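Commentary on secondary and tertiary structure
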Amino acid sequence: MLRFFKMQGCGNDYIFIDCRGQSVPHPHQLTRRISNRHFGVGSDGLVLLLPAEGADLAMRIFNADGSEAEMCGNAIRCAARYAWDCGWVCHEPLRIQTAAGLRVLWNGPQKAVTVVMGRPSPLSGAGVRWQGEALTRLSVGNPHGVLFCPDIEHFPLAQAAAEITPTARLNLEAVQVPEKNHLKMRVWERGSGETLACGTGACAAATAAVLKKHCERGQPITVEMPGGTVTVRWLTDGRLLLTGEAEFVFRGEWPEGPDPC
């Protein structure tokens, strides 16, 4: 049996496996089965936590379709909360190695976690427009496209994602600006579809909003998503700080055996 636990950050839920005492030989196949919300446990993906050299621990992130992701801002906060709460790490800051590089994390207020997300960078390639709106494309460890719209509730996110993401291979954010330094966002994640939240997506949205003068650099930017709210700050030195909840949901066991996928 594989021992797992489930955590969520703003409703972006992941199944975690602590690999210090157990192994997962076929994580891509396992992810598709265990993440299924009707025939599995149900999640936006699977995260493997592993020992690491040069860091306190490492994490591998798999989207619900089994594809591997570079980084996840919500999952990494949950990984840090678990590492502190279970005694894996007893100091701050905590350092986690990801496919997008090393990330540093601190405890925040009311069991929230703050993570240094690195520096955003523009993505090369031809510009993309959708229904007349220019797509702001950038990387915050993984690739994102940000579209600003007047009303995210009625924005056809699935349609936009179907037309944009197959060739661009982006996570897609629809963003509304109700007031300065306050954003509302919906997100379509590669390999998972629409999710309740996305930490890297919130960082991408905040960065794009600063570039378009909707928000102020260096100030806390509230990003409201269907599953909850995070705070993003784009510091003058270029780093992005992401702060939000990271909560335990439950533990369980998954039977090992031949995988039909």
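Described in the following lines is the structure provided in the data block. (Residues numbered from 1 in each chain as written. Predicted model: local features only at pLDDT ≥ 70, side-chain atom pairs only at ≥ 80, totals over all residues. Heavy atoms only, no water.)

A look at the overall build of the protein chain
Helix and strand content of the protein chain: four helices and 20 strands. Here the protein chain has a C-alpha radius of gyration of 18 Å; the compact-globule value for 261 residues is 18 Å, and the two agree. Overall, the C-alpha framework of the protein chain stretches about 50 × 40 × 30 Å when taken along its three principal axes. In the protein chain, of all internal contacts separated by at least 6 residues, the share reaching a separation of at least 24 is 60%. By element, 50% of the accessible surface of the protein chain is carried by carbon and sulfur atoms, the whole surface being about 11,200 Å². Separation of charge centres in the protein chain, based on 26 positive and 26 negative side chains, amounts to 4 Å. (Helix = DSSP H or I, 4+ residues; strand = E, 2+ residues; numbered from the N terminus. Rg over C-alpha atoms; globule rule 2.2 N^0.38 Å. Contact = heavy atoms within 4.5 Å. Areas by Shrake-Rupley, 256 points an atom, 1.4 Å probe, with all protein chains shown as cover. Lys, Arg positive; Asp, Glu negative; His and termini not counted. Charge placed at Lys NZ, Arg CZ, Asp CG, Glu CD.)

Side note on the pattern of salt bridges
For the coordinates displayed, the defined rule picks out 10 salt bridges. A salt bridge links D237 to R239, with the nearest nitrogen and oxygen atoms 2.9 Å apart. Residue classification places D237 among the partly exposed positions, given a relative accessible area of 38%. Judged by its relative accessible area of 29%, R239 falls in the partly exposed class. A network of salt bridges, in which partner residues are shared, links K6, D13, R37 and D44. (Salt bridge = Lys/Arg side-chain N within 4 Å of Asp/Glu carboxyl O. Buried < 20%, exposed > 50% of the residue type's maximum accessible area, 1.4 Å probe, protein only.)

Concerning the nonpolar core
Counting residues in hydrophobic clusters, the biggest one holds 57 residues, and the most contacted among them are F16 and L49. The residues contacting L49, other than those within four sequence positions of it, are F5, F16, I17, D18, C19, R20, L57, A58, M59, A79, Y82 and W88. L135, I152, F155 and L172 belong to the second largest nonpolar core, which has 13 residues in total. (Core = buried A, V, L, I, M, F, W, Y, C linked by side-chain atoms within 4.5 Å.)

Quick word on the packing of aromatic side chains
Here the distance between the centres and the angle between the planes together describe a pair of aromatic rings. Taken as a whole, this structure holds four aromatic pairs when the rule is applied. In textbook terms, an aromatic cluster arises when at least three aromatic residues are bridged by ring pairs, as seen for F5, F16 and Y82. It is R20 that lies over the ring of W88; its NZ or CZ is 3.8 Å from the centre. Sitting over the face of the ring of W234, R217 holds its NZ or CZ atom 3.9 Å from the ring centroid. (Phe/Tyr/Trp six-rings, centres within 6.5 Å; stacked < 30°, edge-to-face > 60°. Lys NZ or Arg CZ within 6 Å of the ring centre and 35° of its normal.)

What to know about the side chain of S35
Inspection of the secondary structure assignment puts S35 in the loop between α1 (27-34) and β3 (45-50). For S35, a relative accessible area of 4% puts it in the buried group. Within polar-contact distance, the side chain of S35 engages the side chain of S43 at 3.0 Å. Residues in contact with S35, not counting those within four places in the same chain, are G42, S43, G45, L46 and A64. (Polar contact = N/O pair within 3.5 Å; in protein donor to acceptor, adjacent residues only side chain to side chain.)

Let's talk about helix α4 (residues 199-211)
With 13 residues, α4 extends 19 Å between its outermost C-alpha atoms, agreeing within 8% with the 18 Å of an ideal straight helix rising 1.5 Å per residue. Most of α4 sits inside the fold, with 12 of its 13 residues counted as buried. Listed as buried for α4 are G199, T200, G201, A202, C203, A204, A205, A206, T207, A208, A209 and V210. Immediately downstream of α4, the backbone of K213 shows phi near 70 degrees, a positive value. (Expected span 1.5 Å × (residues − 1).)

Examining the pairing of strand β8 (residues 113-118)
Among the six residues in β8, six count as buried, and that is most of the element. With four bridges joining them, strand β7 (residues 101-107) and β8 adopt antiparallel strand pairing. Within the sheet, the bridge partner assigned to L105 lies in β8 and is V115. Here β7 folds back onto β8, and the loop between the two strands holds five residues, one of which, Q110, carries a positive phi near 55 degrees. (Pairing = 2+ DSSP bridges.)

Considering the environment of A80
As for its placement among the helices and strands, A80 is situated in helix α2 (residues 73-85). Considered as a pair, A80 and T207 are 127 residues apart in the sequence and their alpha carbons are 24 Å apart. Setting aside its immediate chain neighbours within four residues, A80 contacts L94, I96, L105 and V113.

Considerations on the pairing of strand β13 (residues 143-148)
Of all six residues that make up β13, six are buried, and the element is covered over most of its length. Judged by which residues are buried, β13 turns out to be covered on both faces: P143, G145 and L147 on one side and H144, V146 and F148 on the other are all buried. Here strand β12 (residues 136-139) pairs with β13 via four bridges, running antiparallel. Directly across from T136, in β13, lies its bridge partner V146. Remark: three residues form the turn of the hairpin made by β12 and β13, two consecutive strands paired antiparallel; G141 in that turn has positive phi of roughly 105 degrees. With five bridges connecting them, β13 and strand β14 (residues 171-179) associate as parallel partners. Among the inter-strand pairings, L147 is bridged to a residue of β14, identified as A174. You can see the chain leave β13, run along helix α3 (residues 157-168) and come back into β14, and the turn it takes is right-handed. (Right-handed = clockwise from strand over helix to strand, strands pointing away.)

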